[in-house]
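Coordinates in review
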Amino acid sequence: MSLILYELCGADTARPFSPYAWRARMALKHKGLDFETRAKPFTQIASIAPEVGKTVPILVDGDRTICDSWAIAVHLEETYPDRPSLFGGPGGMAAAKLIESWVNASVSALIVRMIVKDIWDLLAPEDQAYFRPPREQRFGMSLEEVQEGREKRLSDLATALLPLHLMLKTQPFIGGDSPLQSDYMLFGTLQWARITSSFQLLEPGSPVAEWRERCLDLFDGYARAIPAA
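Now for a quick tour of the structure. Note that the structure is a prediction, hence the values are computed from the model and not measured.

The topology assignment puts R38 in strand 2 (residues 35–40). When the C-alpha positions of R38 and Y6 are compared, they lie 4.8 Å apart, and in sequence the two are 32 residues distant. Not counting the four nearest positions on each side in its chain, R38 is found in contact with I4, L5, Y6 and E7.

Where strand 1 (residues 3–8) and strand 2 come together, six bridges link them in parallel fashion. Across the sheet, residue L3 finds its bridge partner in strand 2, namely F35.

The next point concerns the packing of helix 3 (residues 69–79) against helix 4 (residues 90–121). Interhelical geometry of helix 3 versus helix 4 gives an angle of 165 degrees and a closest axis separation of 12 Å. Considering the angle they form, helix 3 stands roughly antiparallel to helix 4. For helix 3 against helix 4, the interelement crossing comes out right-handed. In this structure, helix 3 uses S69, W70 and V74 to contact helix 4, whose residues at the interface are M93, A96, K97 and E100. For the contact of helix 3 with helix 4, the class distribution of residues is four nonpolar, one polar and two charged.

Glancing now at the state of the cysteines. As enumerated under the stated definition, the model contains zero disulfides in all. C9 forms no disulfide, and the closest cysteine sulfur to it belongs to C67, at a distance of 17 Å.

This part covers helix 8 (residues 181–196). The terminal C-alpha atoms of helix 8, which comprises 16 residues, lie 23 Å apart, in line with the 22 Å expected from a rise of 1.5 Å per residue. Maximum bend of helix 8: about 25 degrees, positioned at F187. Burial analysis of helix 8 places 16 of its 16 residues in the buried class, the great majority of the element.

Parameters and conventions
Residues numbered from 1 in each chain as written. Predicted model: local features only at pLDDT ≥ 70, side-chain atom pairs only at ≥ 80, totals over all residues. Heavy atoms only, no water. Helix = DSSP H or I, 4+ residues; strand = E, 2+ residues; numbered from the N terminus. Contact = heavy atoms within 4.5 Å. Pairing = 2+ DSSP bridges. Axes fitted to C-alpha atoms, helices over the stretch in contact; angles between N-to-C directions. Parallel < 35°, antiparallel > 145°, perpendicular 65-115°, else oblique. Left-handed = near helix turned anticlockwise from the far one by under 90°. Nonpolar A, V, L, I, M, F, W, Y, C, P; charged D, E, K, R; others polar. Disulfide = S-S within 2.5 Å. Expected span 1.5 Å × (residues − 1). Bend = angle between axes of the 7 residues up to and from the residue. Buried < 20%, exposed > 50% of the residue type's maximum accessible area, 1.4 Å probe, protein only.

Printed below as a string of structure tokens:
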């Protein structure tokens, strides 16, 4: 039975950008599974499977419906054990959970302030009206003010990425010689920024930038097929 992955898009359904859905996309490709994607705008997400969750990604796998990128990765690992492992064992799963927590708390929190207005620009009018008020309430200022001066905050992002910068000097992926779900955790966030904003977050030629290029080339350039903003 076909797997269906629901994800987030703006006015252009061909440019899905949810960082969490990209984690799930890469996990599905890693497992070598065939799947269908269905992109929905912000205002339609809550009605996809309200009994399961009101955020994406949502994966429908036969009679199972799973919400949340981590839950999806665990489901794929347990349901398709004959396919390439996403974690490389219990230790790798624990390490991936650490990477997920670091990315969500320390990296995504910085990046969103650099691209939030660019994301709004990609949305259809009804989704712009949905998107702006809660985020301006959260940040305590307009989206334009949140994003203003982002060049000065690049050093904060570089500091947050420094452990990875040092690690990637000695190995090509977070997972070692080949990628694992721990790689897709951070890659999903950087792909989110790549698709939604032309603002350059990474120094060209740096270890992290080169790692992102390797991730873009995975699975015959699967992620690179979505053009950058």
